[in-house]
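# Structure assessment
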Amino acid sequence: MKMRKRPNVLLTGTPGVGKTTLGKELAQRTGLTYVNIGDLAQEGQLYDGYDEEYQCPILDEDRVVDELDEQMVEGGAIIDYHGCDLFPERWFHIVFVLRTDNTQLYTRLESRGYTGKKLQDNVQCEIFQTIYEEAMEAYSDEIVHQLTSNTPEDLERNLEQIVQWTEQWMKDHN
Ligand code: DAT
């Protein structure tokens, strides 16, 4: 039996912009599978060393890619990660870079317990649109989209748009 073809969606952006919130709800509404790269790495201990400055383990990117490749070739995954140039370009049919105003983001990260340099660096990452530029370098311009993610209304609008895009993609490819 031939499976229906389904797209792979990348949700990326600075920590705190709302990737997890959007990704999980999107999975509910579309039936696609939500994959959080941080959780995947944690579960499989897909690490290669430790970053003393940021006090966190360093992702073993090759092992992450190996771990996911079969599932990605099959399709139907929503990938959530605060970076995007570690993944093969061929994996994704669409890339969304979530964006949040820096005052909002500051508050969100502070309530997540971020302080000091970690808090400042992450807010600065958003101000300098680091992840957006990374996405524009790593993927074709036509598949990279920015989404405003400041309010619950933004969240709902983004969900509706991506659900609609997914349904259209499935019609076009099946
Ligand atoms: P990320 O996965 O990008 O780190 P998250 O989904 O954990 O971000 O969200 C961080 C916090 O912000 C969390 O408390 C939920 C809230 N949030 C997410 N999207 C939002 C939106 N569009 N409007 C208001 N709050 C939002």
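Calculation rules
- Residues numbered from 1 in each chain as written.
- Predicted model: local features only at pLDDT ≥ 70, side-chain atom pairs only at ≥ 80, totals over all residues.
- Heavy atoms only, no water.
- Near = heavy atom within 4 Å.
- Polar contact = N/O pair within 3.5 Å; in protein donor to acceptor, adjacent residues only side chain to side chain.
- Areas by Shrake-Rupley, 256 points an atom, 1.4 Å probe, with all protein chains shown as cover.
- 1 Å grid on protein atoms, 1.4 Å probe; cavity = no way out; pocket = protein on both sides within 12 Å on 5 of 7 lines; lining within 4 Å.
- Sits in = over half its atoms within 2 Å of the grid points.
- Helix = DSSP H or I, 4+ residues; strand = E, 2+ residues; numbered from the N terminus.
- Disulfide = S-S within 2.5 Å.
- Buried < 20%, exposed > 50% of the residue type's maximum accessible area, 1.4 Å probe, protein only.
- Pairing = 2+ DSSP bridges.
- Axes fitted to C-alpha atoms, helices over the stretch in contact; angles between N-to-C directions.
- Contact = heavy atoms within 4.5 Å.
- UniProt positions renumbered as here; feature names shortened; annotations may be inferred.
- Salt bridge = Lys/Arg side-chain N within 4 Å of Asp/Glu carboxyl O.
- Parallel < 35°, antiparallel > 145°, perpendicular 65-115°, else oblique.
- Left-handed = near helix turned anticlockwise from the far one by under 90°.
- Nonpolar A, V, L, I, M, F, W, Y, C, P; charged D, E, K, R; others polar.

## A few points about the site of the ligand
- Around the ligand lies a shell of 14 residues, among which Gly16, Lys19, Thr20, Thr21 and Arg112 are the nearest.
- Between the ligand and Arg112 there is a distance of 2.8 Å, counted from an oxygen atom to a side-chain nitrogen or oxygen.
- In the environment of the ligand, a nitrogen atom lies 3.3 Å from a nitrogen or oxygen atom belonging to the backbone of Asn150.
- For the ligand, the accessible surface in isolation is 550 Å², of which the surrounding protein chains cover 73%.
- Put simply, the ligand lies in the largest pocket.
- The set of elements that each furnish at least two residues to the shell around the ligand consists of helix 1 (19–30) and helix 7 (152–173).
- Of all the elements, helix 1 adds the most residues to the shell around the ligand, at 3 residues.

## Description of the state of the cysteines
- In this structure the tally under the stated criterion is 0 disulfides.
- Cys84 takes part in no disulfide bond, and the closest cysteine sulfur, belonging to Cys125, lies 10 Å away.
- Judged by relative accessible area, which is 16%, Cys125 ranks as buried.

## Here we look at the sheet that holds strand 7 (residues 144–148)
- Reading across the sheet, the 5 strands line up as 2-5-1-6-7 and stay open at both edges, with parallel pairing between neighbours. The open sheet is flanked by strand 2 (33–36) and strand 7, the only strands paired with a single partner. Strand after strand, the sheet turns through a mean of 20° between neighbouring axes, direction not considered.
- The strands touched by helix 2 (residues 37–44) are strand 2 and strand 5 (77–81); relative to strand 2, the strand with the most contacts, the crossing angle is about 70°.

## Some points on the UniProt feature "binding site: ATP" (unreviewed entry) in the protein
- Here the UniProt-annotated "binding site: ATP" (unreviewed entry) positions come out as Gly16, Gly18, Lys19, Thr20, Thr21 and Arg112. Those annotated residues from the list above that line the largest pocket are Gly16, Gly18, Lys19, Thr20, Thr21 and Arg112.
- What makes Lys19 buried here is its relative accessible area of 7%.
- If we ignore the near neighbours within four places in the chain, the residues touching Lys19 are Leu11, Thr12, Gly13, Thr14, Asp80, Tyr81, His82 and Leu98.
- Polar side-chain contacts of Lys19 include one of 3.0 Å to the backbone oxygen of Gly13.
- Following the sequence through the fold, Thr21 ends up in helix 1.

## Some thoughts on the pattern of salt bridges
- Per the stated rule, a full pass over the model turns up 8 salt bridges.
- One salt bridge connects Arg63 with Asp60, and the closest N-O pair in it is separated by 3.9 Å.
- Taking the relative accessible area as the measure of exposure, Asp60 reaches 15% and is therefore buried.
- For Asp121, the salt bridge identified is with Lys117, shortest N-O distance 2.9 Å. Taken as a pair, Asp121 and Lys117 lie in helix 5 (residues 116–127) at a separation of 4 residues, close to a single helical turn.
- Within this structure, Glu25, Arg29 and Glu156 form a network of salt bridges that share partners.

## Some thoughts on the packing of helix 4 (residues 102–111) against helix 5
- Where helix 4 meets helix 5, the closest approach of the two axes is 10 Å, and the angle between their N-to-C directions is 150°. Taken together, the axes of helix 4 and helix 5 lie roughly antiparallel to each other. Here helix 4 runs over helix 5; the crossing is right-handed. Contacts from Asn102, Leu105, Tyr106, Leu109 and Glu110 of helix 4 reach helix 5 at Leu119, Asn122, Val123, Glu126 and Ile127.
- Residue composition of the contact of helix 4 with helix 5, by class: 6 nonpolar, 2 polar and 2 charged.

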